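# Structural overview for review
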Amino acid sequence: MIIAIDGPAASGKGTLGRRIAAHYGLRHLDTGLLYRAVALKLIHRDMLDDADAGAEEARALDPAFLADPMLRSEAAGAGASIVSVYPQVRQALLEFQRRFASEAPGAVLDGRDIGTVICPDADAKLFVIASAEERARRRALELRGRGEDVDEAAILADIRARDHRDMSRANAPLKAADDAVTLDTTALDADAAFAAAVAIVDRLVVKARTA
Ligand SMILES: Nc1ncnc2c1ncn2[C@@H]1O[C@H](COP(=O)(O)OP(=O)(O)O)[C@@H](O)[C@H]1O
Ligand SMILES: Nc1ccn([C@@H]2O[C@H](COP(=O)(O)OP(=O)(O)O)[C@@H](O)[C@H]2O)c(=O)n1
């Protein structure tokens with residue numbers, strides 16, 4: 001079984017992805033980490049605007065680097081939104097993601113283009129949203145919890161800029177697949193969002209099996 005979870009920044013995709021994967025006994029890949037990893041490598045080389053260098057870093061990506069806590073920083077997230085516009089970088093990361101999805105026993109992938117580009121045949125597709133204000137509140141809480149000194153208004157501005165960049169790029173823009181179910185988590189805590197997501201997946205998978 002393959003489950004695709006897409007949505008804007010800090011909507012709760014990663015949290016849901018982890019819990020849904022554990023619930024169904026699947027592997028989980030937070031695909032934003034791939035773009036964050038490429039961005040961080042380029043930031044260290046002071047080459048964030050070099051698409052070819054980005055593709056080179058994407059091809060050489062060591063999966064062990066995905067566990068680096070620096071990838072969760074605000075700088076890595078903003079950089080990821082920039083390198084993710086480069087078609088060469090997206091192409092280099094596409095194979096990595098498809099390979100991950102195809103391995104037994106199946107997987108949950110979360111990102112921006114999983115249901116539309118990476119796994120268009122996924123068994124269940126969720127599009128997770130929440131208001132920009134609620135997402136900024138969540139992200140500020142998360143970063144403060146990790147000791148970062150953050151300004152919530154600046155985070156809200158960054159989230160809006162990122163939403164715009166992710167939705168308006170020509171290549172694999174952020175959008176719901178035609179067959180995705182939208183889950184608005186603005187008024188749901190993490191447990192309620194998880195329960196709602198499992199109900200959706202169960203319904204979609206049962207529907208497919210009886211079709
Ligand atoms: N439904 C929710 N209600 C409140 N906080 C949430 C909810 N879902 C996730 N969070 C918290 O919000 C932050 C961002 O969630 P995350 O899963 O990393 O989002 P995304 O992967 O979409 O960027 C995390 O600190 C997470 O614990
Ligand atoms: N499948 C994906 C995943 C992330 N991304 C890009 O990578 C950036 C960071 O993704 P992320 O999921 O880690 O970001 P957050 O939602 O955690 O803030 C996004 O703003 C997108 O520009 C993408 O283009 N495609």
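Residues numbered from 1 in each chain as written. Chains lettered and ligands numbered in written order. Predicted model: local features only at pLDDT ≥ 70, side-chain atom pairs only at ≥ 80, totals over all residues. Heavy atoms only, no water.

## A short note on the UniProt feature "binding site: ATP" (unreviewed entry) in the protein
- As recorded in UniProt, the feature "binding site: ATP" (unreviewed entry) lies at Gly7, Pro8, Ala9, Ala10, Ser11, Gly12, Lys13, Gly14 and Thr15.
- Here Ala9 shows up in the loop between strand E1 (2–6) and helix H1 (13–24).
- In this structure Ala9 touches Arg112, Arg135, Ile159, Arg162 and Asp163, once residues within four positions along its chain are discounted.
- Position of Ser11 relative to the elements: it lies in the loop between E1 and H1.
- Looking at Ser11, the relative accessible area reads 1%, which means it is buried.
- With residues up to four places along the chain from it excluded, the contact list for Ser11 reads Val128, Ile129, Ala130, Arg135, Arg138 and Thr185.
- Within the structure, Ser11 has its side chain in polar contact with the backbone oxygen of Pro8 (distance 2.9 Å). (UniProt positions renumbered as here; feature names shortened; annotations may be inferred. Helix = DSSP H or I, 4+ residues; strand = E, 2+ residues; numbered from the N terminus. Contact = heavy atoms within 4.5 Å. Buried < 20%, exposed > 50% of the residue type's maximum accessible area, 1.4 Å probe, protein only. Polar contact = N/O pair within 3.5 Å; in protein donor to acceptor, adjacent residues only side chain to side chain.)

## As for the sheet that holds E1
- The 5 strands are arranged E2-E3-E1-E4-E5 in an open sheet whose pairing can be described as parallel. Unpaired on one side and paired on the other, strand E2 (27–30) and strand E5 (181–184) mark the two borders of the sheet. Strand-to-strand twist across the sheet, computed as the mean angle between neighbouring axes with direction ignored, equals 20°.
- Pairing between E1 and strand E4 (residues 124–129): 4 bridges, direction parallel. Bridging from a neighbouring strand, Asp6 pairs with Phe127 of E4. (Pairing = 2+ DSSP bridges. Axes fitted to C-alpha atoms, helices over the stretch in contact; angles between N-to-C directions.)

## Things to note about the packing of aromatic side chains
- Counted according to the given criterion, the structure contains 0 aromatic pairs.
- Positioned above the aromatic ring of Phe100 is the side chain of Arg27, whose terminal nitrogen or guanidinium carbon lies 4.3 Å from the ring centre.
- The ring of Phe65 carries the charged tip of Lys41 above its face, separated from the ring centre by 4.4 Å. (Phe/Tyr/Trp six-rings, centres within 6.5 Å; stacked < 30°, edge-to-face > 60°. Lys NZ or Arg CZ within 6 Å of the ring centre and 35° of its normal.)

## Notes on the site of ligand 1
- In the neighbourhood of ligand 1, 14 residues make up the surrounding shell, with Ala10, Lys13, Gly14, Thr15 and Leu188 lying closest.
- In the model, an oxygen atom of ligand 1 is placed 3.4 Å from a nitrogen or oxygen of the Glu142 side chain.
- Within the backbone of Ala190, an N or O atom sits 3.4 Å from a nitrogen atom of ligand 1.
- Taken by itself ligand 1 offers 560 Å² of open surface, and the protein chains cover 78% of this. (Near = heavy atom within 4 Å. Areas by Shrake-Rupley, 256 points an atom, 1.4 Å probe, with all protein chains shown as cover.)

## A look at the site of ligand 2
- Inspection of the region around ligand 2 gives 18 residues, with Arg36, Arg90, Arg139, Arg162 and Asp166 positioned closest.
- Contact between ligand 2 and Ala10: an oxygen atom at 3.4 Å from a main-chain N or O atom of the residue.
- At a separation of 2.6 Å, an oxygen atom of ligand 2 approaches a polar side-chain atom of Asp166.
- When ligand 2 sits alone it has 530 Å² of accessible area, and the protein chains cover 96% of it.
- Listed by contribution, the elements that provide at least two residues to the shell around ligand 2 are helix H2 (32–44), helix H4 (74–83) and helix H8 (152–168).
- Counting residues per element, the shell around ligand 2 draws most heavily on H2, which supplies 3 residues.

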